[in-house]
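In case you want the letters, here they are:
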Amino acid sequence: MFKRAITVLIVIVVFSFFLLSSPAISFAKAKNITFGDFSWDSVQIHNRIAGYILEKAYGYSVSYSFGESLPLLLGMARGDVDVSMEIWSDNIEAWGKYVESGECLDLGSTYPDAGQGWYVPTYVIKGDPERGIKPMAPDLKSIEDLPKYWELFKDPENPNKGRFYNGPTGWMISSINMEKLKSYGLDKYYQSFEPGSDAALSTAIVSAYRKGEPIFFYYWEPTPILGLFDMTKIEEPPYDIKLWNEENGYRCDFPKSKVHVGASAKLLQKDPFVISFLANYEATIEQTNEALAYMWQNELRPKDAAIWFLKKFPEQWEQWFPISGDPHIDKLKEALDKEVVKE
């Protein structure tokens with residue numbers, strides 16, 4: 001409903017602008033749509049899903065501009081970059097300023113709010129008969145159960161405590177996790193271990209999972225690991241804004257992260273149709289995790305994962321077309337029929 005409300009509002013604004021503008025002003029179709037490619041995989045996949053549709057179904061030329069968050073957002077405000085399919089709006093202060101100033105447009109969620117938390121492999125709790133793994137902590141469900149299982153996750157460098165794999169060194173979340181351990185009284189049982197990078201953290205998780213070993217860690221989604229492996233999130237008290245601060249030790253579940261489609265306001269003048277199409281775009285966390293896992297497992301490019309997504313989830317992207325039975329749907333399907341994806 002939120003997406004539809006945005007689309008309707010945009011159509012009204014565009015129509016009103018068209019009526020009030022001089023006859024000399026026209027909305028010519030943009031020759032090229034430039035996507036802002038940030039450094040993480042999921043945004044690159046969603047950029048290419050949207051880009052493929054605009055190119056194959058509607059005949060646009062598309063390009064991808066790689067860069068760090070702030071330079072790309074500045075380019076979007078200036079109109080040098082047209083759109084990016086993942087703006088983590090809660091994490092980037094500059095984004096709110098650009099939207100408030102009218103230089104950029106927030107077109108609604110790319111997928112429902114993204115989660116994060118503390119996890120263990122599901123086989124730790126339920127076992128895995130196919131791999132010959134018996135349940136190691138059958139009663140592990142919430143943070144209240146963690147003290148009695150610390151020996152299961154014993155830290156090789158500090159055998160008197162269990163090891164908790166924290167967020168990478170330098171990430172704000174690693175400090176938050178330290179406070180959470182203290183506020184829950186878990187620092188008596190667990191030692192925080194901070195990997196040097198997100199790659200080091202994911203390597204530790206994958207290595208333990210493939211060996212069927214217990215591991216207790218912080219992670220987030222959408223990511224290839226949560227799409228490829230069966231993990232269980234440790235339960236915490238529901239998120240409460242009053243508890244979520246340093247003074248109260250973040251004694252609750254993590255807040256969800258808002259991930260939205262962002263566009264330059266100049267794209268509305270250049271080609272309002274593209275804005276309308278992008279406002280209809282919305283996937284799911286589970287689909288994104290699957291696409292990331294597919295790309296990671298097969299060592300493919302984001303474009304390959306985008307094509308895989310489009311071939312696997314037609315019922316999802318057909319909703320993005322404004323009119324049922326739109327001939328552009330058949331045009332996109334024809335293009336996809338010619339694509340070969342790795343199974």
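Residues numbered from 1 in each chain as written. Predicted model: local features only at pLDDT ≥ 70, side-chain atom pairs only at ≥ 80, totals over all residues. Heavy atoms only, no water.

- The chain goes by ABC transporter, substrate-binding protein, QAT family in an unreviewed UniProt entry, where it is assigned to Acetomicrobium hydrogeniformans ATCC BAA-1850.

## Regarding the overall build of the chain
For step 1, the next point in the chain: Each helix and strand in the chain was counted, giving 14 helices and 11 strands.
For step 2, the next point in the chain: The C-alpha extent of the chain, read off along each of the three principal axes, is 75 × 45 × 30 Å.
For step 3, the next point in the chain: A buried classification covers 52% of the 343 residues belonging to the chain.
For step 4, the next point in the chain: In the chain, of all internal contacts separated by at least 6 residues, the share reaching a separation of at least 24 is 72%.
For step 5, the next point in the chain: Charge centroids of the chain, computed over 36 positive and 48 negative side chains, lie 2 Å from each other. (Helix = DSSP H or I, 4+ residues; strand = E, 2+ residues; numbered from the N terminus. Buried < 20%, exposed > 50% of the residue type's maximum accessible area, 1.4 Å probe, protein only. Contact = heavy atoms within 4.5 Å. Lys, Arg positive; Asp, Glu negative; His and termini not counted. Charge placed at Lys NZ, Arg CZ, Asp CG, Glu CD.)

## Remarks on the domain arrangement of the chain
For step 1, the next point in the chain: For the chain, the assigned domains are domain 1 (32–113 + 257–337) and domain 2 (115–248).
For step 2, the next point in the chain: Taken over C-alpha atoms, the centre of domain 1 sits 32 Å from the centre of domain 2.
For step 3, the next point in the chain: The partner domain 2 presents 12 residues to the 12 residues of domain 1 that form the contact.
For step 4, the next point in the chain: Our count for the contact surface shared by domain 1 and domain 2 stands at 0 salt bridges.
For step 5, the next point in the chain: Considering every element that reaches the side of domain 1 that touches domain 2, the biggest residue donor is helix α11 (residues 285–298), with 7 residues.
For step 6, the next point in the chain: The residue makeup of the side of domain 1 that touches domain 2, split by class, is 6 nonpolar, 5 polar and 1 charged. (Domains from an automatic or database assignment. Salt bridge = Lys/Arg side-chain N within 4 Å of Asp/Glu carboxyl O. Nonpolar A, V, L, I, M, F, W, Y, C, P; charged D, E, K, R; others polar.)

## What to know about the side chain of His46
For step 1, the next point in the chain: Note on placement: His46 falls in helix α2 (residues 41–56).
For step 2, the next point in the chain: Among the residues examined, His46 registers a relative accessible area of 1% and is labelled buried.
For step 3, the next point in the chain: Separated by 3.0 Å, the side chains of His46 and Thr288 make a polar contact.
For step 4, the next point in the chain: If near-sequence neighbours (up to four positions away) are discounted, His46 is found in contact with Met85, Glu86, Thr110, Tyr111, Tyr281, Ala283 and Thr288. (Polar contact = N/O pair within 3.5 Å; in protein donor to acceptor, adjacent residues only side chain to side chain.)

## Details of helix α4 (residues 93–101)
For step 1, the next point in the chain: Of the positions making up α4, those classed as buried are Ala94, Trp95 and Tyr98. Down the axis of α4, the buried side of the element spans an arc of 105°, and every buried residue falls inside it. In α4, the exposed residues that point more than 90 degrees away from the buried face are Glu93, Lys97 and Glu100.
For step 2, the next point in the chain: On its buried face, α4 sits against α3 (69–78), β3 (83–88), β4 (104–109) and β11 (259–264).
For step 3, the next point in the chain: Directly beyond the C-terminal end of α4, a positive phi value near 90° is found at Gly102. (Arc of directions from axis to C-beta.)

## A word on the environment of Glu282
For step 1, the next point in the chain: If you trace the backbone, Glu282 turns up in the loop between α10 (272–280) and α11.
For step 2, the next point in the chain: Sequence separation of Glu282 and Gln319 is 37 residues, and the distance between their C-alpha atoms is 8.8 Å.
For step 3, the next point in the chain: Polar contacts involving the side chain of Glu282 include one to the side chain of Ser109, which spans 2.5 Å.

## Looking at the pairing of strand β2 (residues 61–66)
For step 1, the next point in the chain: Summarising the sheet, strand β1 (residues 32–37) and β2 pair through 6 bridges and their orientation is parallel. Its bridge partner lying in β2, Asp37 is registered against Phe66.
For step 2, the next point in the chain: For the crossover that starts at β1, traverses α2 and ends in the parallel β2, the hand is right-handed. (Pairing = 2+ DSSP bridges. Right-handed = clockwise from strand over helix to strand, strands pointing away.)

## Concerning the environment of Pro327
For step 1, the next point in the chain: Tracing the backbone shows Pro327 in helix α14 (residues 327–337).
For step 2, the next point in the chain: When its relative accessible area of 60% is taken as the criterion, Pro327 is described as exposed.
For step 3, the next point in the chain: Between the alpha carbons of Pro327 and Ala57 there is a distance of 8.8 Å; along the sequence they are 270 residues apart.

## Brief notes about the pattern of salt bridges
For step 1, the next point in the chain: The final tally for this structure, using the stated rule, is 8 salt bridges.
For step 2, the next point in the chain: Salt-bridge contacts for Glu318 lead to Lys333; the nearest nitrogen and oxygen are separated by 3.0 Å. Here Lys333 lies in helix α14 and Glu318 lies in the loop between α13 (314–317) and α14, a separation of 15 residues in the sequence.
For step 3, the next point in the chain: Relative accessible area serves as the criterion here: at 32%, Lys333 is assigned to the partly exposed category.
For step 4, the next point in the chain: Each member of the salt-bridge network shares a partner with another, and the members are Asp155, Glu157 and Arg163.

## Points about the nonpolar core
For step 1, the next point in the chain: The biggest cluster of nonpolar side chains holds 44 residues, and the ones touching the most others in it are Ile33, Ile49, Ile53, Leu54, Leu278, Phe309 and Trp317.
For step 2, the next point in the chain: Formed by 43 residues, the second largest nonpolar core is a distinct cluster that contains Leu146, Trp150, Tyr184 and Ile234. (Core = buried A, V, L, I, M, F, W, Y, C linked by side-chain atoms within 4.5 Å.)

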